[in-house]
Amino acid sequence: MKAEKNNVVSIIYELRKGSSNGDIIESLNKSNPLTFLYGAGGLLPKFEEHLDGLKPGESFEFLLNSEDAYGPVIESAIVHVPKHIFEVDGRPDDSLLKLGNIVPMMDAEGRRLNGKILDIKEEVVQMDFNHPMAGENLYFSGEIIEIRKATEEEITHGHVHGAGSHCQDDNCEDGQPGCTCGH
């Protein structure tokens, strides 16, 4: 089997910022591989492109430019939010208002997004709503460790069931058999 559409692929990898010598951002080993439905759109398209056709035991090593990863830093995604939004019972929530904190927020359309606190002023809080890896080139090195055919249910739902997914050993987190993803 090889990495191709409608196969379930498990990989281990090391992700570094910028180059093979960059800071390690994430490292997955055989006890916690990334398992995904190839071609379902759950991963960066260029990431999957680099894995296309690889077989278990084969290694990969590639650099994704920021444009092919999470895009450039968008200056308009760095905004000033009124400080009163962070009040609880009329007082600023000091547990939230810390430089570098990632705070879950909601935009005017009700979409959830995370913002990083960059600065705290008297009346406003400067937040960055860019993806944390926006503007970064990402260097991946790793190995394909397992590939299997996806089940019809996985293909229909667009994600992996069972071991390596949100449903472990065919039992979802709530302990019930099968998928509880709502499909």
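Right above here is the structure, for reference.
Model, not experiment: these values are computed from the prediction.

Cut-offs applied
Residues numbered from 1 in each chain as written. Predicted model: local features only at pLDDT ≥ 70, side-chain atom pairs only at ≥ 80, totals over all residues. Heavy atoms only, no water. Core = buried A, V, L, I, M, F, W, Y, C linked by side-chain atoms within 4.5 Å. Buried < 20%, exposed > 50% of the residue type's maximum accessible area, 1.4 Å probe, protein only. Helix = DSSP H or I, 4+ residues; strand = E, 2+ residues; numbered from the N terminus. Contact = heavy atoms within 4.5 Å. Salt bridge = Lys/Arg side-chain N within 4 Å of Asp/Glu carboxyl O. Phe/Tyr/Trp six-rings, centres within 6.5 Å; stacked < 30°, edge-to-face > 60°.

Student: Report on the nonpolar core, specifying residues and quantitative values.
Tutor: Within the largest apolar cluster, 21 residues are counted, with the highest numbers of intra-cluster contacts made by V9, I11, F47, L51, F60, L64 and F140. Those elements that provide at least two residues to this core are β1 (7-17), α1 (45-51), β4 (59-64) and β11 (138-149). Beyond its immediate chain neighbours, meaning those up to four positions away, L51 contacts A3, I11, F36, Y38, F60, F62 and I144.

Student: Describe the environment of E152, naming the residues involved and giving the relevant values.
Tutor: In this fold, E152 is placed in helix α2 (residues 152-157). Overall, E152 belongs to the exposed group, its relative accessible area being 61%. When the C-alpha positions of E152 and N6 are compared, they lie 9.1 Å apart, and in sequence the two are 146 residues distant.

Student: Got a sec to walk through unusual backbone geometry? Specific residues and values, please.
Tutor: Its identity is not glycine, yet N6 carries a phi of approximately 70 degrees, on the positive side. Mapped onto the fold, N6 is located in the segment before β1. For D89, which is not a glycine, the phi torsion comes out positive at approximately 55 degrees.

Student: Go over the pattern of salt bridges, please, and point to the residues and values.
Tutor: All chains considered together, the criterion is met by 6 salt bridges. For the salt bridge of R16 with E14, the shortest nitrogen-to-oxygen distance reads 2.8 Å. Overall, the relative accessible area of 18% leaves R16 in the buried class. On the basis of relative accessibility, which here comes to 23%, the residue E14 falls in the partly exposed class.

Student: Could you give an account of the packing of aromatic side chains, naming the residues involved and the relevant values?
Tutor: Inspection of the entire model under this criterion finds 7 aromatic pairs. Arranged with centres 6.3 Å apart and planes meeting at 35 degrees, the rings of F36 and Y38 form a pair that is tilted. Here the two residues F36 and Y38 agree in accessibility, since each one is buried. Consider the rings of F47 and F62, whose centres lie 5.6 Å apart with planes at 70 degrees: the pair is edge-to-face. In this pair, F47 is assigned in helix α1 and F62 in strand β4, connecting sequence segments 15 residues apart. Grouping aromatic residues by their ring pairs yields a cluster made of Y13, F47, F60, F62 and F140.

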